[in-house]
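One letter stands for each residue in the lines below.
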Amino acid sequence: MLIYFSALFMNHTPPYSHPEAPDRLDHLLRGVQEAGAEIREPAFREDAWRLVELAHDKSYVELVKKLCEKAPAQIDGDTYVSRGTCDAAVLAVSAIASAVDRRETALIAARPPGHHAGFVGRALSAPTQGFCIFNTAAIGALYAGEGVAVLDIDVHHGNGTQEILYERDLLYISTHQHPYTLYPGTGFPEEVGAGRGEGYNVNVPLPPRTGDDLYIQAIDEVVMPVLKQYDPRLVIVSLGWDAHKDDPLADMRLTLKSYLYVFDAVLKMQKPIIFLLEGGYNRDVIRRGTKALIRLVDHGEFAPGETQTETDHHTRNKYLEVMREVKNYVGRYWRL
Ligand SMILES: [Zn+2]
């Protein structure tokens, strides 16, 4: 599997101690080395700034450019801009466009993350942009066009991606910790898309403390059936490692078993997959997860190295309740 990485992605630097920091990529690279994969430096594309405007309003793009010039700056309480932020963010956009052109499975090891960034920055009703600058996944999807699916397995709902793609007939599926219990507070099952996009926005919120057993069940019962019926020609995976049980920012109970299960199910569709780094703040999980992902893609090796977690009784009841709701909405558009 090809890994897109540039040292420029490390130049998005926080002005104070922050979970979304450059060393996340050091740990990712360690995983790449342990698995043995080819690293490619993405080339800056002349059309990259124009591609940013596929997903974002010009006013927002200009604001970000201005903040990069006068950095260090804050977009909001969570989201910082440094001198290197614009170069990093626009290179991530270049990387995904190149990966789309190449139609092959790749991992884009870029920062800053993007799935909370909406049309004008802050998306839907979120209090902040949650560390995100440009929505690389949505830009990649709009650039790829017809037949692309975005599968978002970050623990947080990709409110920015949802907002940008909401009226498009491009599939967006997100699994995330339930919005009542976690930022950004959106991602309910009834958010199904609108206009031409009705039915193409699929939210699978899960109660905190959901374990591998029920996560895998949700993948089998909702995510994969929808994805298979949509039959994408390209899948973009918004890959956040923060649904892992050891992540410091969220409360799910997943191990790498769940991650590999999803990767494997999507790989079996035999379509190009672009894995795009979003969140994930436990450095060891980033390293081990990246290694396991590459070993799976390159060698078919399913080796999570962790024992599957089981969901407790109380959480299971909540899960059953929310899944009834999910199936009610999703079942109006897709056979489950
Ligand atoms: Zn996240």
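Higher on the page you've got the structure.
Summary of the structure given here.

Reading the values: the criteria
- Residues numbered from 1 in each chain as written.
- Predicted model: local features only at pLDDT ≥ 70, side-chain atom pairs only at ≥ 80, totals over all residues.
- Heavy atoms only, no water.
- Helix = DSSP H or I, 4+ residues; strand = E, 2+ residues; numbered from the N terminus.
- Rg over C-alpha atoms; globule rule 2.2 N^0.38 Å.
- Buried < 20%, exposed > 50% of the residue type's maximum accessible area, 1.4 Å probe, protein only.
- Contact = heavy atoms within 4.5 Å.
- Areas by Shrake-Rupley, 256 points an atom, 1.4 Å probe, with all protein chains shown as cover.
- Lys, Arg positive; Asp, Glu negative; His and termini not counted.
- Charge placed at Lys NZ, Arg CZ, Asp CG, Glu CD.
- Donors = N, O, S within 2.8 Å, 3.2 Å for Na, K, Ca; no water.
- Tetrahedral: all angles 85-135°; square planar, octahedral: opposite > 155°, others 65-115°.
- Disulfide = S-S within 2.5 Å.

### Overview of the overall build of the protein chain
Inference 1: Secondary structure assignment for the protein chain yields ten helices and twelve strands.
Inference 2: Taking 2.2 N^0.38 as the reference for a compact globule, 336 residues should give roughly 20 Å; the C-alpha atoms of the protein chain span a radius of gyration of 18 Å, in line with that estimate.
Inference 3: The C-alpha extent of the protein chain, read off along each of the three principal axes, is 50 × 45 × 35 Å.
Inference 4: Taking all 336 residues of the protein chain together, the buried fraction comes to 63%.
Inference 5: Long-range contacts, defined here as pairs at least 24 residues apart, represent 78% of the contacts in the protein chain between residues at least 6 apart.
Inference 6: For the protein chain, the accessible surface area stands at approximately 12400 Å², while carbon and sulfur atoms represent 48% of it.
Inference 7: Separation of charge centres in the protein chain, based on 35 positive and 45 negative side chains, amounts to 2 Å.

### Details of the coordination of the zinc ion
Inference 1: Within the first shell, the zinc ion binds the protein through D154 (OD), D154 (OD), H156 (ND1) and D242 (OD), at distances of 2.0 to 2.7 Å.
Inference 2: Relative to the metal, the four donor atoms surrounding the zinc ion lie at angles of 53 to 152°, and the coordination shape comes out irregular.
Inference 3: Each donor residue of the zinc ion lies on the same chain, and together they follow the pattern D-x1-H-x85-D. One end of the pair, H156, is in the loop between β8 (148-152) and α6 (159-165); the other, D242, is in the loop between β11 (234-239) and α8 (256-267), and 86 residues separate them in sequence. Judged on exposure class, the residue H156 and its partner D242 are both buried.

### Regarding the state of the cysteines
Inference 1: Counted according to the given criterion, the structure contains one disulfide.
Inference 2: In this model C68 forms its disulfide with C86; the gap between the sulfur atoms is 2.1 Å. For the disulfide bridge between C68 and C86, the dihedral angle about the S-S bond is near 90°, and by the sign convention the bridge is right-handed. A residue pair is termed long-range when its members are at least 10 positions apart, and C68 in helix α3 (residues 58-69) and C86 in helix α4 (residues 85-102) qualify at 18 residues.
Inference 3: In this model C132 remains outside any disulfide bridge; the closest cysteine sulfur is found in C68, 15 Å from its own.
Inference 4: Assessed through its relative accessible area of 1%, C132 is described here as buried.

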